[in-house]
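Structural characterization, general
Listed below are the residues making up each chain.
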Amino acid sequence: MTQDELKDAVAAAAIDEIRPWLDRNTILGVGTGSTANYFIDRLAELRDEFKGAVASSDATAARLEGHGIEIFELNTTGSVPFYIDGADEIDPQLHMIKGGGAALTREKIVAACADRFICIADASKRVETLGHFQLPVEVIPMARSYVARELVKLGADPVYRQGVVTDNGNQIIDCYDFAIADPVAMEARINAIVGVVTNGLFAARGADILLLGTETGVERSSK
């Protein structure tokens, strides 16, 4: 199977996971990225079985609306029963690195308000230790150089992602060569740096369910 076929397979599995729980009052949280897009396209077939969605980015909102799915503000919904999103990396404890598409802050907010976080990913995203994929850090623009110096002290090789402005009007620093032995502790340490909005470690609030696309089918694991 191609990577795109694996992404579509886990999107279909996520639909099967949530469909028994949908009703006309259900508002779902929906993530951002190529795998999430496959989920959105399949979710369109169920648009009459649930109320709408909270989007983790402007791009996701536009794709959902393009399928006739109503968008709701998280401040109005308060919480969502499910958040479905991909990952750039995921470890055996279902800790993740996310934010390759620069939507990490809104993704983390929606995830925090979800009863269940379903991660959908292909097998290439599974790792034993996080950090092979660069770790994104969203920063207030005036703090970028200061934050980069502090990240060096933590052992990272920070690189400014030029030309990228987040939906929140901020900038992204990507941390390379940064093996992360304790994701929960490192998430907190980076977030404590003045000027950091948040970082792409989803460890304090990781996934509850992983649907992983492999050559032999979709593997389901949970905490």
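All of the points below concern the structure found in this document.

Procedures and definitions
Residues numbered from 1 in each chain as written. Predicted model: local features only at pLDDT ≥ 70, side-chain atom pairs only at ≥ 80, totals over all residues. Heavy atoms only, no water. Helix = DSSP H or I, 4+ residues; strand = E, 2+ residues; numbered from the N terminus. Buried < 20%, exposed > 50% of the residue type's maximum accessible area, 1.4 Å probe, protein only. Contact = heavy atoms within 4.5 Å. Lys, Arg positive; Asp, Glu negative; His and termini not counted. Charge placed at Lys NZ, Arg CZ, Asp CG, Glu CD. Core = buried A, V, L, I, M, F, W, Y, C linked by side-chain atoms within 4.5 Å. Arc of directions from axis to C-beta. Phe/Tyr/Trp six-rings, centres within 6.5 Å; stacked < 30°, edge-to-face > 60°. Lys NZ or Arg CZ within 6 Å of the ring centre and 35° of its normal. Axes fitted to C-alpha atoms, helices over the stretch in contact; angles between N-to-C directions. Parallel < 35°, antiparallel > 145°, perpendicular 65-115°, else oblique. Left-handed = near helix turned anticlockwise from the far one by under 90°. 1 Å grid on protein atoms, 1.4 Å probe; cavity = no way out; pocket = protein on both sides within 12 Å on 5 of 7 lines; lining within 4 Å. Points joined across faces, edges and corners; volume = space filled by probe spheres on them. Nonpolar A, V, L, I, M, F, W, Y, C, P; charged D, E, K, R; others polar.

The next point concerns the overall build of the protein chain. The helix and strand tally for the protein chain stands at seven helices and 13 strands. Overall, the C-alpha framework of the protein chain stretches about 50 × 40 × 30 Å when taken along its three principal axes. A buried classification covers 53% of the 223 residues belonging to the protein chain. Considering only contacts in the protein chain between residues 6 or more positions apart, those separated by 24 or more positions represent 73%. One finds the centroid of the 21 positive side-chain charges in the protein chain at a distance of 3 Å from the centroid of its 33 negative side-chain charges.

Take the nonpolar core next. With 25 residues, the main nonpolar core has I18, F39 and L43 as its most contacted residues. Of all the secondary-structure elements, those providing two or more residues to this core are α1 (3-18), β1 (27-30), α2 (34-43), β2 (52-55), α3 (58-66), β3 (80-85), β6 (114-122) and β12 (209-214). Among the elements that line this core, the one with the most residues is α1, at six residues. Ignoring any residue separated from it by four or fewer positions in sequence, one finds L43 in contact with I15, I18, L28, V30, F50, L64 and I69. Listed in part, the 21 residues of the second largest apolar core include I97, V139, A156 and M186.

With that settled, consider helix α7 (residues 183-191). Along α7, the positions that sit buried rather than exposed are P183, M186, E187 and I190. The buried residues of α7 occupy an angular sector of 105° when the element is viewed end-on, so they sit on one face. Buried residues along α7 sit against α5 (104-112), β7 (135-139), α6 (144-153), β10 (196-199) and β11 (201-202).

Looking now at the packing of aromatic side chains. What describes a pair of aromatic rings is the distance from one ring centre to the other and the angle between the planes of the rings. All chains considered together, the criterion is met by one aromatic pair. Aromatic pair Y83 and F117: ring centres 5.0 Å apart, planes at 65°, arrangement edge-to-face. Here F117 lies in strand β6 and Y83 lies in strand β3, a separation of 34 residues in the sequence. Classification of F117 as buried rests on a relative accessible area of 0%. Geometry around F202 places K98 over its ring, the cationic atom sitting 5.5 Å from the centre. The lysine or arginine in question, R144, covers the ring of Y160, its NZ or CZ lying 3.9 Å from the ring centre.

All right, on to the packing of α1 against α2 then. For the pair α1 and α2, the least separation of the axes is 8 Å and the interaxial angle reads 50°. In terms of axis orientation, α1 runs oblique to α2. Viewed along their axes, α1 and α2 form a crossing whose handedness is right-handed. Residues D4, K7, D8, V10, A11, A12, A14, I15 and I18 of α1 lie in contact with α2, whose contacting residues are S34, T35, Y38, F39, R42 and L43.

Another aspect to go through is the layout of surface pockets. Roughly 270 Å³ of volume is contained in the largest pocket. The biggest single contributor to the lining of the largest pocket is α5, with three residues. When its residues are assigned to classes, the lining of the largest pocket shows eight nonpolar, two polar and three charged. Computed from the structure, the second largest pocket encloses a volume of approximately 220 Å³. The greatest single-element share of the lining of the second largest pocket, amounting to three residues, is contributed by α2. Split into classes, the residues belonging to the lining of the second largest pocket amount to four nonpolar, eight polar and six charged.

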